[in-house]
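# Secondary and tertiary structure notes
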Amino acid sequence: MKVGNYQIGRYHGIIKKTYEDGSWDYETSFSDSSDIAESYYAICECKGELVGIGTDHPKVLKSVELIRGKENIIKELEEKN
C-alpha cells in the first residue's frame, strides 16, 4: 500500500516518532504484528534520548505513537503531509 510518499509494509501499522523540536517521522515497513511490536518497544526505549547521532541532524525523541489499521494510517499520513 502506498500513501503519498510512504510505502506501507504488508502489516498495516506504522510508528510515529515525534521530536522535541516539533518535527516527526514514521517507521512504515513491517511484515507482521510481532515485527511492529518489537520495533515499537525498541523505539520507546529511546524516548528522552538523542537519536540519529550518525546523521547530520540528531534530535531528542519526545514521544512514540503506534497507529494501526489502513483507515487510521491513511488519515494520519494524508493529514500530516
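Above this note sits the structure.
Residues numbered from 1 in each chain as written. Predicted model: local features only at pLDDT ≥ 70, side-chain atom pairs only at ≥ 80, totals over all residues. Heavy atoms only, no water.

## Some points on the pattern of salt bridges
Evaluation of the coordinates by the stated rule reveals three salt bridges. D25 is paired through a salt bridge with K17; the nearest N and O atoms lie 3.6 Å apart. On the basis of relative accessibility, which here comes to 12%, the residue K17 falls in the buried class. A cluster of three or more residues bridged by salt bridges with shared partners is formed by K17, D25 and E27. (Salt bridge = Lys/Arg side-chain N within 4 Å of Asp/Glu carboxyl O. Buried < 20%, exposed > 50% of the residue type's maximum accessible area, 1.4 Å probe, protein only.)

## Some thoughts on the pairing of strand β6 (residues 59-68)
Across seven bridges, strand β3 (residues 13-19) lies against β6 in antiparallel orientation. Bridging from a neighbouring strand, I15 pairs with L66 of β6. Here strand β5 (residues 50-51) runs beside β6; their pairing, made up of two bridges, is antiparallel. Each residue of the ladder has a partner; that of V51, found in β6, is K59. (Pairing = 2+ DSSP bridges. Helix = DSSP H or I, 4+ residues; strand = E, 2+ residues; numbered from the N terminus.)

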